[in-house]
Amino acid sequence: MPDSETNEVRKRTAPVEVPDVTDRRLLRLLAEDATRSYAELGRLVHLSPPAVHERVKRLKREGVITGTVATLDGAKIGCPLLSFIHVDTDGWGLSGPVLALRDLADVEEIHTVAGDTCLILKVRTRDTQALEALLERLYSIEGVRGTRSFIALRSYLERGPKPDIP
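Draft legend 1. Local environment of the overall build of the protein. For the protein, the count of helices and strands is 6 helices and 4 strands. The secondary structure elements of the protein, listed N-terminal to C-terminal, are α-α-α-α-β-α-β-β-α-β. Within the protein, the proportion of its 166 residues that are buried is 31%. Of the roughly 11,300 Å² of accessible surface on the protein, 52% is carried by carbon and sulfur atoms.

Draft legend 2. Seen up close, the pattern of salt bridges. Summed over the entire model, instances satisfying the criterion amount to 16 salt bridges. Across the pair Arg36 and Glu40 runs a salt bridge whose closest N-O atoms are separated by 3.3 Å. On the basis of relative accessible area, Glu40 is assigned to the partly exposed category, the value being 28%. Across the pair Lys122 and Glu109 runs a salt bridge, and its minimum N-O distance is 3.8 Å. Of the two residues, Lys122 is situated in strand 3 (residues 119-125) and Glu109 in strand 2 (residues 107-112); the sequence distance between them amounts to 13 residues. Note on Glu109: relative accessible area 33%, which makes it partly exposed. Taken together, the salt bridges that share partners define one network made up of Asp20, Asp23, Arg55, Arg58 and Glu62.

Draft legend 3. Seen up close, the sheet that holds strand 2. Strands sit in the order 2-3-1-4 across an open sheet of 4 strands; the sheet is antiparallel. The sheet is open, and its two borders are formed by strand 2 and strand 4 (144-151), each paired with just one other strand. Ignoring which end each strand starts from, the neighbouring axes of this sheet average 20° apart. In this structure, strand 1 (residues 81-89) lies alongside strand 4, joined through 7 bridges in antiparallel fashion. Bridge pairing in strand 4 places Val87 opposite Thr147.

Here is what the cut-offs are and how they apply
Residues numbered from 1 in each chain as written. Predicted model: local features only at pLDDT ≥ 70, side-chain atom pairs only at ≥ 80, totals over all residues. Heavy atoms only, no water. Helix = DSSP H or I, 4+ residues; strand = E, 2+ residues; numbered from the N terminus. Buried < 20%, exposed > 50% of the residue type's maximum accessible area, 1.4 Å probe, protein only. Areas by Shrake-Rupley, 256 points an atom, 1.4 Å probe, with all protein chains shown as cover. Salt bridge = Lys/Arg side-chain N within 4 Å of Asp/Glu carboxyl O. Pairing = 2+ DSSP bridges. Axes fitted to C-alpha atoms, helices over the stretch in contact; angles between N-to-C directions.

Following this line, the structure appears as structure tokens:
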């Protein structure tokens, strides 16, 4: 498959410099609570608020910080059923219809993976009927051969990446 057909799947980016120790501390603090003020962050990393602001702006510009989001409780918003769906396809990679799944509110993550499956979806639905409807939609996509669904009974840890601090 020519690269022009996979540009939406794999965007190549220039390598970013590894954040220094202060950046890593800031990133860890922001990952724990992104609502902290620059003044509070500055106190915790021993920098002035303007210096923290400049570092955060640079980390955003370099793509290290890709967004700031609220973490929601799935059960409290009516989507208590957390599932992971392994999707087997005829070919490797994502087609347009599979990429269109990202527009569904139930789909939290889409990953291509190495191993005995092609894709893994992380989804939250209101109940098993909604999960079944999502599976029906998956099976309607040309090239989807099969799925295996895993329903989470309880989550002990969910978080994004946190940098190590040397």
